[in-house]
Amino acid sequence: MLKMGFVGWRGMVGSVLIQRMIEENDFNSIEPIFFSTSKAGKTCPIFDAKIQNAYDLNKLKKLNVIITCQGGDYTKRIYKSLRNSGWKGYWIDSSSKLRMDSNSIIILDPINLKIIEQSLDLGIKNFIGGNCTVSLMLLSLGGLFKNNLIEWITSMTYQAASGAGSKHMIELLNQMRILGNLVKKNNHAKSILEIDSKITKYMGSLPIKNFGAPIAGSLIPWIDQKMDNGQSKEEWKGNVETNKILGFSPNTIKIDGICVRIGAMRCHSQAFIIKLKKDIPLYDIESIIKEHNPWVKVIKNDSNSSLKKLTPAAVSGTMSIPIGRLRKLSFGKKYITAFTVGDQLLWGAAEPIRRMLKILVNR
């Protein structure tokens, strides 16, 4: 039975991972050991066991597998020291720190299971969760990628507060509370312009410690640091990570766009413009998409279906990845548009890690 160490299991991604593992009875086939950077010595509430020190290399070296959802700073501090000490176990990481390393595989097994299996046979030990929007895009368009039908994609993302972390979610709620409290019960007698003016006045005084700008009643058209070419790093990841997951050299399939943070609590949405390599009837495109994996759901392109099934509110907490608004564009017969949404804490983060653990257990 594999000894698996869990670090960062109390955070957003880690909590969802543990919840999914309990739901799927995954703990029955492993020996779990829980580590913490701040709670060592206390009792783990999940299995009534002592929490170990996440900085103790001697304890970490005894593990077959380490799963970390602690973030890139922890990986930076521990990973090289652990490898240099002679540890040869599997490192599974939700952070981006090691994603683009040549000895790391970005994991998304419904898309690249063969690459994962080949890498295991070759002795690769680092398996890293991908960017959430990239993973959700690949799952929603998996059939088109598998059939080599995509020439390029423009992806415009609408990313929820939870993608930035729990502190950002709290800040969004506090901003919403403040704005909501400005609208008293007697405000129904006032003109909407008067109410709007009052809201606008207070937008500049909202708490912005984490986001750096108001997001309740607004949006933030920038995520992550700036790259030399003017992209944000979040936008850069769309191209480089997609091609790496598929086993391609960089820019084999060109992907670019703009990433935007919106006032949704959970679930990332994306709007695509796709140039196909050939003209394909829309009916066949829908069939290719929905037959690729059991989680993608093609939604009818009408108002009622879109409002009921193609929103963060409809998808939050589920494994479903609906894709809709599918149609041919006026640009030409090879151009289509689509809109998808998925829970980035599940398929965008925790689920690929959970499934990688199952792959290791079943080898």
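Model, not experiment: these values are computed from the prediction.

**Describing the UniProt feature "domain: Semialdehyde dehydrogenase NAD-binding" (unreviewed entry) in the protein**
Per the UniProt record, "domain: Semialdehyde dehydrogenase NAD-binding" (unreviewed entry) is found at residues 3-119. Structurally, residues 3-119 is divided into 34% helix and 22% strand, and its ends, taken at the C-alpha atoms, are 21 Å apart.

**Concerning the packing of aromatic side chains**
Aromatic ring pairs are described here by two measures, namely the spacing of the ring centres and the angle between the planes. Within the structure shown, the criterion is met by 14 aromatic pairs. Measuring from centroid to centroid gives 5.9 Å for tyrosine 55 and tyrosine 74, while their planes differ by 45°, and the two rings are tilted. Here tyrosine 55, found in the loop between strand S3 (52-53) and helix H2 (57-60), pairs with tyrosine 74, found in helix H3 (residues 72-84); they are 19 residues apart in sequence, far enough to count as distant. Between the aromatic rings of phenylalanine 331 and tyrosine 335, the centroid separation amounts to 5.9 Å while the plane-to-plane angle is 80°, which identifies the pairing as edge-to-face. Through a chain of ring-to-ring contacts, three or more aromatic side chains come together here, namely Phe6, Trp9, Phe27, Phe34 and Phe47.

**With respect to the nonpolar core**
If you look at the biggest cluster of nonpolar residues, it comprises 65 residues, and the most contacted ones within it are Phe6, Ile92 and Phe127. In terms of residue count, helix H13 (residues 346-362) provides more of this core than any other element does, nine residues in total. When residues of this core are assigned to domains, at least three map to each of domain 1 (2-130 + 350-362) and domain 2 (134-160 + 221-343). Apart from the residues within four sequence positions on either side, isoleucine 92 is in contact with Val65, Ile66, Ile67, Thr68, Ile107, Phe127, Ile353, Met356, Leu357 and Leu360.

**What about the packing of helix H5 (residues 132-140) against helix H9 (residues 233-245)?**
Helix-helix packing is characterised by the crossing angle of the two axes and by the distance between the axes. For the pair H5 and H9, interaxial distance at closest approach is 9 Å and the crossing angle is 50°. Classified by the angle their axes make, H5 and H9 are oblique. Like other packed secondary-structure pairs, H5 and H9 cross with a definite hand, here right-handed. The segment H5 lies against H9, with Thr133, Val134, Met137 and Leu138 engaging Glu234, Lys237, Gly238, Glu241, Thr242 and Ile245. Along the lines of polarity and charge, the residues of the contact of H5 with H9 split into four nonpolar, three polar and three charged.

**Details of the environment of glycine 230**
On the secondary structure map, glycine 230 appears in the loop between helix H8 (192-203) and H9. Put simply, glycine 230 and phenylalanine 339 are 109 residues apart on the chain and 25 Å apart in space, counted from C-alpha to C-alpha.

**Topic: the pattern of salt bridges**
Scanning the model with the defined rule gives 15 salt bridges in all. For the salt bridge of arginine 20 with glutamate 23, the shortest nitrogen-to-oxygen distance reads 3.0 Å. Taken together, the residues span about one helical turn, with arginine 20 and glutamate 23 both in helix H1 (residues 12-23) at a distance of three residues. Exposure remark for glutamate 23: the relative accessible area of 47% places this residue in the partly exposed category. Ionic pairing is found between arginine 20 and glutamate 351, a salt bridge with its closest N-O pair at 2.9 Å. Taken together, the residues arginine 20 in helix H1 and glutamate 351 in helix H13 connect sequence positions 331 residues apart. We classify arginine 20 as buried; its relative accessible area is 10%. Salt bridges here are not isolated pairs; linked through shared partners, they connect Arg20, Glu23, Glu24, Asp26, Glu351, Arg354 and Lys358.

**Some details on the sheet that holds strand S12 (residues 321-328)**
Taking strand neighbours across the sheet as the criterion, the six strands line up as S9-S8-S10-S13-S12-S11 in an open arrangement whose pairing is mixed. The sheet terminates laterally at strand S9 (254-261) and strand S11 (296-298), the two strands that pair on one side only. Averaged over all pairs of adjacent strands, the angle between their axes in this sheet comes to 20°, without regard to strand direction. Looking at chain direction, strand S10 (residues 268-276) and strand S13 (residues 335-342) are connected through eight bridges and run antiparallel. What sits directly across from histidine 268, in S13, is glycine 342. The sheet contacts of H5 involve strand S8 (150-159), S9, S10, S11, S12 and S13, and relative to S10 the element is tilted by about 55°.

**Quick notes on the sheet that holds strand S5 (residues 90-93)**
The sheet built from seven strands is open, its strands ordered S3-S2-S1-S4-S5-S7-S6 with parallel pairing. The open sheet has two edge strands, S3 and strand S6 (104-107), and neither has a second partner. Running at roughly 145° to strand S1 (residues 2-7), H1 makes contact with S1, strand S2 (30-36) and strand S4 (65-68) of the sheet. In the packing of helix H4 (residues 109-121) onto the sheet, contacts are made with S5, S6 and strand S7 (126-129), and the angle to S6 comes to roughly 155°.

**Remarks on the environment of leucine 276**
Turning to its location among the elements, leucine 276 is positioned in strand S10. For leucine 276, a relative accessible area of 0% gives the class buried. For leucine 276 and leucine 310, which are 34 residues apart along the polypeptide, the C-alpha to C-alpha distance reads 23 Å. Not counting chain neighbours up to four residues away, the residues in contact with leucine 276 comprise Leu144, Leu149, Glu151, Ile285, Lys334 and Ile336.

**Concerning the packing of H4 against H13**
Running from N to C, H4 and H13 cross one another at 40°; their axes reach a closest spacing of 12 Å. Considered as vectors, H4 and H13 are oriented oblique to each other. Between H4 and H13 lies a crossing whose hand is right-handed. Contacts between H4 and H13 involve Asp109, Pro110, Leu113, Ile116 and Leu120 from the former and Trp347, Arg355, Met356, Ile359 and Leu360 from the latter. Its residues placed into classes, the contact of H4 with H13 shows eight nonpolar, no polar and two charged.

**Quick word on a nonpolar patch on the surface**
On the surface, a nonpolar cluster with roughly 230 Å² of combined accessible area is contributed by Met156, Tyr158 and Ile258. Structurally, tyrosine 158 is set in strand S8.

The rules behind each value
- Residues numbered from 1 in each chain as written.
- Predicted model: local features only at pLDDT ≥ 70, side-chain atom pairs only at ≥ 80, totals over all residues.
- Heavy atoms only, no water.
- UniProt positions renumbered as here; feature names shortened; annotations may be inferred.
- Helix = DSSP H or I, 4+ residues; strand = E, 2+ residues; numbered from the N terminus.
- Phe/Tyr/Trp six-rings, centres within 6.5 Å; stacked < 30°, edge-to-face > 60°.
- Core = buried A, V, L, I, M, F, W, Y, C linked by side-chain atoms within 4.5 Å.
- Buried < 20%, exposed > 50% of the residue type's maximum accessible area, 1.4 Å probe, protein only.
- Domains from an automatic or database assignment.
- Contact = heavy atoms within 4.5 Å.
- Axes fitted to C-alpha atoms, helices over the stretch in contact; angles between N-to-C directions.
- Parallel < 35°, antiparallel > 145°, perpendicular 65-115°, else oblique.
- Left-handed = near helix turned anticlockwise from the far one by under 90°.
- Nonpolar A, V, L, I, M, F, W, Y, C, P; charged D, E, K, R; others polar.
- Salt bridge = Lys/Arg side-chain N within 4 Å of Asp/Glu carboxyl O.
- Pairing = 2+ DSSP bridges.
- Patch = residues over 30% accessible without salt bridge, like charges linked within 9 Å, V, L, I, M, F, W, Y side chains within 5 Å.
- Areas by Shrake-Rupley, 256 points an atom, 1.4 Å probe, with all protein chains shown as cover.

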